[in-house]
Amino acid sequence: MNELEAGQRAFSSFRVLNGEDSHSEREQLFRNMAQLFSYVSDRCDDEQVAQYDEVLCQLAEMVEVEARAHVARVLAPLERAPGTVVVKLANDDIEVARPLLEFSSVLSDDDLIDIISHQSEEHRVAIAGRANVAERVGGAIVEHGGTASVTRLVRNANAELNKATVERLVERATRDAEIAADLRGRSDIDWKMLRGEIDTAANRVLESLAQVTRPVDPVAAGKINAVVYNRMRNRAGFSANEWKLAYNQVKALSDRKQLDDRALARFARFGYGHHAAAALTVWLKIGPEVFLKWMASQDYVAITVALRAAGLSPELFEAVVATLPWRDLPTETDKSMVLSRFRALDREEAAGIFELWRAHAFRKRAASEHRAAANG
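Summary of the structure given here. Note that the structure is a prediction, hence the values are computed from the model and not measured.

Focus on the nonpolar core
In step 1: Ranked by size, the top nonpolar core spans 64 residues in total, and within it Leu-75, Leu-100, Leu-101 and Val-137 carry the most contacts.
In step 2: With sequence-adjacent residues up to four places away left out, Leu-100 is seen in contact with Ala-72, Leu-75, Ala-76, Val-86, Leu-89, Ala-90, Leu-107 and Arg-130.

Below, the structure written as structure tokens:
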């Protein structure tokens, strides 16, 4: 089926939204809408995505599990998908939610943590097997999960476990032999360091785990240390893959009308630099390439003016500047100087400067496009 045929089939049945339909027509429209979106998702603007989101959410309330599961499978692999309906289906029955929980990159860490906290153990098991499980998500699984989800998490080599989560796992291993056995296979855990930092009861378990742990391969240890080092410095430096993931998750958050000061503060608090940058790009309504250029060139002046115009508080501004994935990590002197400039700048003055820049950039881009069209 080509895109035109899919569109005709999808939109010809919109009368179902007014109840003038049969049960089969509702399900068919739901499936067709999702399929059509999958064809055009990379070309939809924000308004079009919002329209798909609204209709798919309405239809999700009107169809049976089988149709919802089908749509979840269609949406799961998409890099850009309507944020509200994705979260709605990810909180659905497990047969609906599973493909989204396992594969959707649209679901943010906060979305996953909320699902872990409020949905079933089967939901947690699905999340524990994701290709990448962030530290906060892994911590939530250990806090709320049963043996099935925790065991799958520990067996997942791509699950990040911070020290606090490992300490909880060691404590759980005192009561669960299966978790204890799987912990032994984690070569990325520094048992020697932990042994000096946890309580006596957990230490006894740790000693028994260490006794049967395989000797450390120095080559593997070097790789692990490199990973740890990169995580420690990940607040500095831009990653194209992280940016793509963060930008699509932020757009999904915007779809749900949840992109606000609190979301930005969470990104800064947890060190999600790429998410903070993506959020500001969407918030300021500028092209991603513009914001990325500012970070690559360490353009503190442009960032200061733009964020003052956006109305950030000095406290939030300070936290965001320290979190953004600059080319080089700002020094304490840099951060102090930038904050001082931010406080001294009047918001109305900053808004005027920013709007003049935006108008100039728009005219410059229009002229460039006109020359390109003339030369073509």
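Quick notes on the side chain of Asp-182
In step 1: Structurally, Asp-182 is set in helix H12 (residues 177-183).
In step 2: Look at Asp-182 and you get buried, because its relative accessible area is 17%.
In step 3: Residues within four places of Asp-182 in sequence aside, it is in contact with Thr-151, Val-154 and Arg-155.

Concerning the pattern of salt bridges
In step 1: Within the structure shown, the criterion is met by 20 salt bridges.
In step 2: Residue Arg-80 is joined to Asp-46 by a salt bridge in which the shortest nitrogen-to-oxygen separation is 3.8 Å. Highlighted residues: Arg-80 in the loop between helix H4 (65-75) and helix H5 (83-90) and Asp-46 in helix H3 (residues 46-60), separated in sequence by 34 residues.
In step 3: Assessed through its relative accessible area of 40%, Asp-46 is described here as partly exposed.
In step 4: Measuring nitrogen to oxygen at the nearest pair gives 2.6 Å for the salt bridge that ties Lys-251 to Asp-46. You can see Lys-251 sitting in helix H16 (residues 240-255) and its partner Asp-46 sitting in helix H3, a full 205 residues away along the chain.

A closer look at the packing of helix H8 (residues 121-128) against helix H9 (residues 135-144)
In step 1: Relative orientation of the contacting elements H8 and H9 amounts to 150°, with a least axis distance of 11 Å. As H8 packs across H9, the resulting crossing turns out to be left-handed. Residues Arg-124, Ile-127 and Ala-128 of H8 form the contact with H9, whose own contacting residues are Val-137, Ile-141 and His-144.
In step 2: A breakdown of the residues in the contact of H8 with H9 according to their chemical character gives 4 nonpolar, 1 polar and 1 charged.

Some remarks on the packing of aromatic side chains
Each pair of aromatic rings is reported with the distance of its centres and the angle of its planes.
In step 1: For the structure on display, the rule yields 9 aromatic pairs.
In step 2: Ring geometry for Trp-294 against Trp-357: centres 5.7 Å apart, planes inclined by 55°, an arrangement best described as tilted. Taken together, the residues span a long stretch of sequence, with Trp-294 in helix H19 (residues 288-296) and Trp-357 in helix H23 (residues 347-375) at a distance of 63 residues.
In step 3: For Trp-294, a relative accessible area of 8% translates into the label buried.
In step 4: With centroids separated by 4.8 Å and ring planes inclined at 65°, the aromatic side chains of Tyr-300 and Trp-326 adopt a geometry described as edge-to-face. One end of the pair, Tyr-300, is in helix H20 (residues 300-309); the other, Trp-326, is in the loop between helix H21 (314-323) and helix H22 (332-344), and 26 residues separate them in sequence. A single burial state applies to Tyr-300 and to Trp-326, both of which are buried.
In step 5: In this structure an aromatic cluster arises from ring pairing among Phe-291, Trp-294, Phe-354 and Trp-357.
In step 6: The ring of Phe-342 carries Arg-308 above its face, with NZ or CZ at 5.2 Å from the centroid.

As for helix H10 (residues 147-155)
In step 1: For H10, the full list of buried residues reads Ser-149, Val-150, Thr-151, Leu-153 and Val-154.
In step 2: Turning to H10, the residues buried within the fold contact H8, H9, helix H11 (163-173) and H12.

A few points about the packing of H9 against H11
In step 1: It is at 10 Å that the axes of H9 and H11 come closest, and there the two elements cross at 25°. In terms of axis orientation, H9 runs roughly parallel to H11. Here H9 runs over H11; the crossing is left-handed. Every residue of H11 that contacts H9 at Glu-135, Gly-138, Gly-139, Val-142 and Glu-143 is listed here: Thr-165, Arg-168, Leu-169 and Arg-172.
In step 2: Taken together, the residues that form the contact of H9 with H11 break down as 2 nonpolar, 3 polar and 4 charged.

A closer look at the side chain of Thr-151
In step 1: As for its placement among the helices and strands, Thr-151 is situated in helix H10.
In step 2: With sequence-adjacent residues up to four places away left out, Thr-151 is seen in contact with Glu-178, Ile-179 and Asp-182.

Section: H16
Given 3.6 residues per turn, any residue in an α-helix points the same way as the ones three and four places further on.
In step 1: Here H16 spans 23 Å end to end across 16 residues, near enough to the 22 Å set by a 1.5 Å rise per residue.
In step 2: Where H16 is concerned, the buried positions are Trp-243, Ala-246, Asn-248, Gln-249, Val-250, Lys-251, Ala-252, Leu-253 and Asp-255.
In step 3: In this structure, the buried residues of H16 make contact with H3, H5, helix H17 (261-269), helix H18 (273-284) and H19.
In step 4: At the C-terminal side of H16, Lys-257 shows a positive phi close to 60°.

Section: the environment of Ala-181
In step 1: Its place among the elements puts Ala-181 in helix H12.
In step 2: Here the alpha-carbon distance between Ala-181 and Thr-151, two residues 30 residues apart in the chain, equals 9.5 Å.

Concerning empty space enclosed by the protein
In step 1: Inspection of the entire model under this criterion finds 2 cavities of 30 Å³ or more.
In step 2: Considering only enclosed or pocket space, the largest cavity measures out at about 110 Å³ in volume.
In step 3: In terms of lining, the largest cavity is formed by 15 residues, of which the most central are Ser-108, Asp-110, Leu-253, Phe-267 and His-275.
In step 4: Residue assignment for the lining of the largest cavity shows that the elements contributing at least two residues are helix H7 (109-118), H16 and H17.
In step 5: Grouping the constituent residues of the lining of the largest cavity by class yields 6 nonpolar, 3 polar and 6 charged.
In step 6: In this structure, the second largest cavity occupies an estimated 30 Å³ of space.
In step 7: Taken together, Phe-317, Glu-318, Val-321, Lys-335 and Leu-339 form the lining of the second largest cavity.
In step 8: Put simply, the parts of the chain that give the lining of the second largest cavity at least two residues each are H21 and H22.
In step 9: Classifying every residue of the lining of the second largest cavity by side-chain character gives 3 nonpolar, no polar and 2 charged.

Calculation criteria
Residues numbered from 1 in each chain as written. Predicted model: local features only at pLDDT ≥ 70, side-chain atom pairs only at ≥ 80, totals over all residues. Heavy atoms only, no water. Core = buried A, V, L, I, M, F, W, Y, C linked by side-chain atoms within 4.5 Å. Buried < 20%, exposed > 50% of the residue type's maximum accessible area, 1.4 Å probe, protein only. Contact = heavy atoms within 4.5 Å. Helix = DSSP H or I, 4+ residues; strand = E, 2+ residues; numbered from the N terminus. Salt bridge = Lys/Arg side-chain N within 4 Å of Asp/Glu carboxyl O. Axes fitted to C-alpha atoms, helices over the stretch in contact; angles between N-to-C directions. Left-handed = near helix turned anticlockwise from the far one by under 90°. Nonpolar A, V, L, I, M, F, W, Y, C, P; charged D, E, K, R; others polar. Phe/Tyr/Trp six-rings, centres within 6.5 Å; stacked < 30°, edge-to-face > 60°. Lys NZ or Arg CZ within 6 Å of the ring centre and 35° of its normal. Parallel < 35°, antiparallel > 145°, perpendicular 65-115°, else oblique. Expected span 1.5 Å × (residues − 1). 1 Å grid on protein atoms, 1.4 Å probe; cavity = no way out; pocket = protein on both sides within 12 Å on 5 of 7 lines; lining within 4 Å. Points joined across faces, edges and corners; volume = space filled by probe spheres on them.

All quantities given are derived from atomic positions and should not be read as evidence of function.
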